[in-house]
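Fold and contact review
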Amino acid sequence: MNTATILIAGFGGQGALFAGKFLAYSGLIEEKQLSWLPSYGPEMRGGTANCAVTLSDEPVGSPIVTEPNVLIAMNRPSFDKFEPAVVPDGYLFADSTLIDAESQRKDIKAFYVPATKMAADMGLTGLSNMILIGKMVKETGAVSLSDAEEAFKKFVPAKKAALIEKNIEALKAGFEY
Amino acid sequence: MAEKVLMKGNEAIAEAAIIAGCRHYFGYPITPQTEIAAYMAKRMPKIGGVFLQAESEIAAINMVYGCSSAGKRVMTSSSSPGISLKQEGISYLAGSDLPCLIVNAQRGGPGLGGIQPSQSDYFQATKGGGHGDYHLIVLAPASVQEMAELTIKGFELADKYCMPVMLLADGTTGQMMEPVTFDFDVKPAPEKPWATTGTKMQREHNIVNSLYLQPEKLEVTNLERYKKYETVKENEAMWEEFMTEDADVVVAAFGIAARVSQNAVIEARKQGIKAGLIRPITLWPFPETPFKKAAEHAKAFISVELSMGQMIEDVKLSVSCTKPVYFCGRVGGMIPSPAEVLSAIKKADGGDR
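Residues numbered from 1 in each chain as written. Chains lettered and ligands numbered in written order. Predicted model: local features only at pLDDT ≥ 70, side-chain atom pairs only at ≥ 80, totals over all residues. Heavy atoms only, no water.

With that settled, consider empty space enclosed by the protein. All names here are of chain B. This structure, assessed with the given rule, holds one cavity of 30 Å³ or more. Of the voids in this model, the largest cavity is the one considered here, and its volume is about 40 Å³. Considering the residues around the largest cavity, the lining is formed by Lys72, Arg73, Val74, Pro99, Cys100, Leu101, Phe155, Ala158 and Asp159. Secondary structure elements with two or more residues in the lining of the largest cavity: strand 5 (100-106) and helix 7 (144-161). Of the residues forming the lining of the largest cavity, the biggest block, three residues, is contributed by helix 7. For the lining of the largest cavity, the per-class residue count stands at six nonpolar, no polar and three charged. (1 Å grid on protein atoms, 1.4 Å probe; cavity = no way out; pocket = protein on both sides within 12 Å on 5 of 7 lines; lining within 4 Å. Points joined across faces, edges and corners; volume = space filled by probe spheres on them. Helix = DSSP H or I, 4+ residues; strand = E, 2+ residues; numbered from the N terminus. Nonpolar A, V, L, I, M, F, W, Y, C, P; charged D, E, K, R; others polar.)

Turning our eyes to something else, we now look at the packing of aromatic side chains. Residues and elements named next belong to chain B. Tallied over the full model, the rule gives 15 aromatic pairs over all chains. An angle of 75° between the planes, with centres 5.5 Å apart, marks the rings of tyrosine 229 and tryptophan 284 as edge-to-face. You can see tyrosine 229 sitting in helix 9 (residues 215-236) and its partner tryptophan 284 sitting in strand 12 (residues 282-284), a full 55 residues away along the chain. Each member of the pair, tyrosine 229 as well as tryptophan 284, is classed as buried. (Phe/Tyr/Trp six-rings, centres within 6.5 Å; stacked < 30°, edge-to-face > 60°. Buried < 20%, exposed > 50% of the residue type's maximum accessible area, 1.4 Å probe, protein only.)

Once that is clear, we can look at the confidence of the model for chain B. Mean pLDDT over chain B: 96, with 99% of residues reaching 70 or higher. Quick note on the complex model: pTM equals 0.95, ipTM equals 0.92. (pLDDT = per-residue confidence, 0-100.)

Another point: the pattern of salt bridges. In total, this model carries 26 salt bridges over all chains according to the counting rule given. Across the pair A:Arg76 and A:Asp100 runs a salt bridge, and its minimum N-O distance is 2.7 Å. Remark: A:Asp100 occurs in the loop between strand 5 (91-95) and strand 6 (109-113) and A:Arg76 occurs in helix 2 (residues 76-82); sequence separation between them is 24 residues. B:Glu178 is the partner of B:Arg259 in a salt bridge, and the nearest nitrogen-oxygen pair spans 2.6 Å. Residue B:Arg259 is located in helix 10 (residues 255-270), and its partner B:Glu178 is located in strand 8 (residues 177-180); the two are separated by 81 residues in the primary sequence. Neither B:Arg259 nor B:Glu178 differs from the other in exposure class; each is buried. Linked by salt bridges that have partners in common, A:Arg76, A:Asp80 and A:Asp100 make up one network. (Salt bridge = Lys/Arg side-chain N within 4 Å of Asp/Glu carboxyl O.)

Side chains of A:Lys159, A:Lys160, B:Lys42 and B:Lys46 sit close together on the surface and give a patch of like positive charge. Inspection of the secondary structure assignment puts A:Lys159 in the loop between helix 5 (148-155) and helix 6 (164-176). Using a relative accessible area of 77% as the deciding quantity, one classes A:Lys159 as exposed. (Patch = residues over 30% accessible without salt bridge, like charges linked within 9 Å, V, L, I, M, F, W, Y side chains within 5 Å. Areas by Shrake-Rupley, 256 points an atom, 1.4 Å probe, with all protein chains shown as cover. Lys, Arg positive; Asp, Glu negative; His and termini not counted. Charge placed at Lys NZ, Arg CZ, Asp CG, Glu CD.)

Residue and element names in this part refer to chain B. Tracing the chain through its elements places glutamate 305 in strand 13 (residues 300-305). The side chain of glutamate 305 sits in the buried core without any salt bridge; lysine 316 is the nearest counter-charge, 9.4 Å away. Within the local environment of glutamate 305, its side chain forms a polar contact with the backbone nitrogen of methionine 311, the two atoms lying 2.8 Å apart. (Polar contact = N/O pair within 3.5 Å; in protein donor to acceptor, adjacent residues only side chain to side chain.)

Right, let's talk about the domain arrangement of chain B for a bit. Residues and elements named next belong to chain B. Domain boundaries assigned for chain B yield domain 1 (4-236) and domain 2 (240-350). Taking only C-alpha atoms, the centre of domain 1 and the centre of domain 2 are 28 Å apart. Of the residues lining the interface, 32 residues belong to domain 1; the matching set on domain 2 comes to 25 residues. Here domain 1 meets domain 2 over a buried area of about 2,400 Å², counting both sides, of which 60% is carbon and sulfur. Together, Gln119, Tyr122 and Phe123 form the three largest contributors to the area buried by domain 1 at its contact with domain 2, with a combined 30%. Taken together, domain 1 and domain 2 are joined by three salt bridges. Put simply, aspartate 314 and lysine 127 hold a salt bridge, and the shortest N to O gap is 2.7 Å. For the side of domain 1 that touches domain 2, the secondary-structure elements that each account for two or more residues are helix 6 (122-126), strand 6 (137-139), helix 7, strand 7 (164-170), helix 8 (171-175) and helix 9. No other element matches helix 9, which puts four residues into the side of domain 1 that touches domain 2. (Domains from an automatic or database assignment. Contact = heavy atoms within 4.5 Å. Buried area = accessible area lost by both parts, 1.4 Å probe.)

Our focus in this paragraph is the interface of chain B and chain A. The partner chain A presents 19 residues to the 22 residues of chain B that form the contact. When residues of chain B are sorted by the area they lose upon contact with chain A, B:Leu6, B:Met177 and B:Arg259 head the list and together hold 34% of the total. Taken together, the links from chain B to chain A amount to six residue pairs in polar contact (both at pLDDT 80 or more). Looking at the side of chain B that touches chain A, the elements with two or more residues in it are strand 1 (5-8), helix 8, strand 8 and helix 10 of chain B. A total of four residues in the side of chain B that touches chain A trace back to one element, the largest contributor, which is helix 10 of chain B. When its residues are assigned to classes, the side of chain B that touches chain A shows 11 nonpolar, six polar and five charged.

Okay, structure coming up:
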């Protein structure tokens, strides 16, 4: 896709912002034009947290994504709030462990991944975000995963570098789902 | 070519300030600009600089006054309610002809308001804000790259004209990350023979002051300052134009509102409406030239703002009310969508197509 307008939404603590950062740094490595815009403030403390990532071959206009062509919904409130906003022919990726609903829309491509359960089964608790990103990357090609490790290294602090391997494992699990 | 890095707008301001030679930061925390202070707290001690969290915004701006008097490149940052607290100090800085950089990452108001983005401090920034006759040079960045560039430009302009410069950003541009390069050729601070650096018993005392009890003298300082402002107006107005050459409907917007408006203008063009965008980069001095030029062919103007309509007054003045100027905006931390701007463009163009 020429311009991916990606919205990642979930509860605070599910790693929506982190997942967005991974996409942003991957885009940077691939020399794309991009922006990353977090929600900030009280909603980050246990409420809904979301971030908007735009990846494009052209200069990015507004960094605000109100009508995403890629939605990653990590919980039910985010699904309910943003699923109607996905543009026709857009993509929806939903964590089916936490979202007991499916889209009724015929004009979007919807994928359901039991990411939270998969993460728990694989000993990757807390990395459902990267499982969903893996699936999204496979279906949309928004970025390539070839430089995933390099992308993580750009924003994961050195003292947490040990966690990169698990993140990559989660990405792959999502990609292969 | 310097490496592209991803940074939040607030962090880019802080890094650019350091590159500009600023080694003194005084501030008090407030959302949504806290990253500036955090960045300075981390970096300044490592490079022989000063980061000081003052006991209040008022203390911080007066520390800026003192530091600038001593001839140093100095800055402070805050967000709307905090900037209100700083107004007395800003008036004193202007009245003493002191250079400094003040960053306002605006949030919704009035009062304590909210913490989401806003542009409703336009009047405060461009028309005074504190007491007395004075202006600040007001710079309005619309991207992370520009936050870095205008920070450096801000320090240079402040020193060039001996006056405070305000970087008028907002919550969104401060919080968003975009690629940025720090490939700058910084003009070093000029000699400041007026600075209070100690006489070493070799010169007369320098006095930095804004108090003139004799009205004749105070009048002269005002008149001279306004001569300086005329020079600034003639030389420093900056703006960017997007598809304005043949535009029927010209949108005026700065900062994040300009980013949204650009999307709307592109969509309008796709739908066959000749729309264009003028993005003021300096809000004071306000770039009148492109508006005068556009008024020769445009049917109408629309001022798109995150306020109840403040810049619209300068747009009207710039076109001398020769063409209608409409308003489109959201407030309270809300941001107009490209669709809302597009519908305003259609209306100004003469009804839905």
